[in-house]
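# Observations on the three-dimensional arrangement
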Amino acid sequence: MMSRRRARKLLMLLPIGILAITIFGLGVMSLWNWLIPALFGGKLITFWQALGMLVLSRILVGGFSRPRVVHKWEQLTPEEREKFRTAMERRRCGEAGCAPA
């Protein structure tokens, strides 16, 4: 069962998500309707077609799987993770050296 805290967070993020989807959809629709007919003689598209294009491009280009970096990180042993953290800290601090965070 979902906790109250998680439900409250979801209710706060839901309008933000809807707003973001709307903005991206309107952006794609506006850009398409501004450029494609003038450049290539294409047809105008609706908001829903623009959202469909966003979903299709996500499937074709990005997929819906988790990012590879997260997957690779999960495959590392604790020793490999610590070795990676140490190497990144050295790279961040450079030659001068700095106190670990």
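Residues numbered from 1 in each chain as written. Predicted model: local features only at pLDDT ≥ 70, side-chain atom pairs only at ≥ 80, totals over all residues. Heavy atoms only, no water.

Attention shifts here to a nonpolar patch on the surface. On the surface, a cluster of nonpolar side chains totalling about 610 Å² of accessible area is made up of Leu31, Trp34, Leu35, Leu39 and Phe40. Within the secondary structure layout, Phe40 lies in helix H1 (residues 4-40). A residue is classified by how much of its surface remains accessible, and Phe40, at 65% relative accessible area, is exposed. (Patch = residues over 30% accessible without salt bridge, like charges linked within 9 Å, V, L, I, M, F, W, Y side chains within 5 Å. Areas by Shrake-Rupley, 256 points an atom, 1.4 Å probe, with all protein chains shown as cover. Salt bridge = Lys/Arg side-chain N within 4 Å of Asp/Glu carboxyl O. Helix = DSSP H or I, 4+ residues; strand = E, 2+ residues; numbered from the N terminus. Buried < 20%, exposed > 50% of the residue type's maximum accessible area, 1.4 Å probe, protein only.)

Met29, Ile45, Phe47, Ala50 and Leu51 together form the largest nonpolar core, which totals 5 residues. The dominant element in this core, judged by the number of residues it contributes, is helix H2 (residues 47-62), at 3 residues. Setting aside chain neighbours within four positions, we find Leu51 in contact with Ile21 and Gly25. (Core = buried A, V, L, I, M, F, W, Y, C linked by side-chain atoms within 4.5 Å. Contact = heavy atoms within 4.5 Å.)

With that settled, consider a positive patch on the surface. Side chains of Arg4, Arg5, Arg6, Arg8 and Lys9 sit close together on the surface and give a patch of like positive charge. Within the element layout of this structure, Arg8 appears in helix H1. (Lys, Arg positive; Asp, Glu negative; His and termini not counted. Charge placed at Lys NZ, Arg CZ, Asp CG, Glu CD.)

With that settled, consider H1. Compared with the 54 Å implied by 1.5 Å per residue over 37 residues, the 52 Å span of H1 between its first and last C-alpha is a close match. Of all bends in H1, the biggest is about 25 degrees, found at Trp32. Those residues of H1 hidden inside the fold are in contact with H2. Where H1 ends, the next residue or the one after it, Gly41, has phi of about 70 degrees, a positive value. (Expected span 1.5 Å × (residues − 1). Bend = angle between axes of the 7 residues up to and from the residue.)

Evaluated as defined, the whole model comprises 1 salt bridge. Among the ionic pairs, Arg85 bridges to Glu82, the shortest N-O distance being 3.6 Å. Residue Arg85 and its partner Glu82 are located together in helix H4 (residues 78-93), separated by 3 residues, close to a single helical turn.

So, about the packing of aromatic side chains. Applying the stated criterion to the full structure yields 2 aromatic pairs. Residues Phe47 and Trp48 carry aromatic rings whose centres are separated by 5.1 Å and whose planes lie at 75 degrees to one another, so their mutual orientation is edge-to-face. Measuring from centroid to centroid gives 5.8 Å for Trp73 and Phe84, while their planes differ by 70 degrees, and the two rings are edge-to-face. Linking Trp73 in helix H3 (residues 68-75) with Phe84 in helix H4, this pair joins segments that are 11 residues apart in sequence. For Trp73, a relative accessible area of 28% translates into the label partly exposed. (Phe/Tyr/Trp six-rings, centres within 6.5 Å; stacked < 30°, edge-to-face > 60°.)

For the rest of this paragraph, the subject is the confidence of the model for the protein chain. Counting all residues, the mean pLDDT for the protein chain is 86, and 85% of those residues have values of 70 or more. Across the protein chain, element-level confidence peaks in H1 with a mean pLDDT of 93 and bottoms out in H3 with 76. (pLDDT = per-residue confidence, 0-100.)

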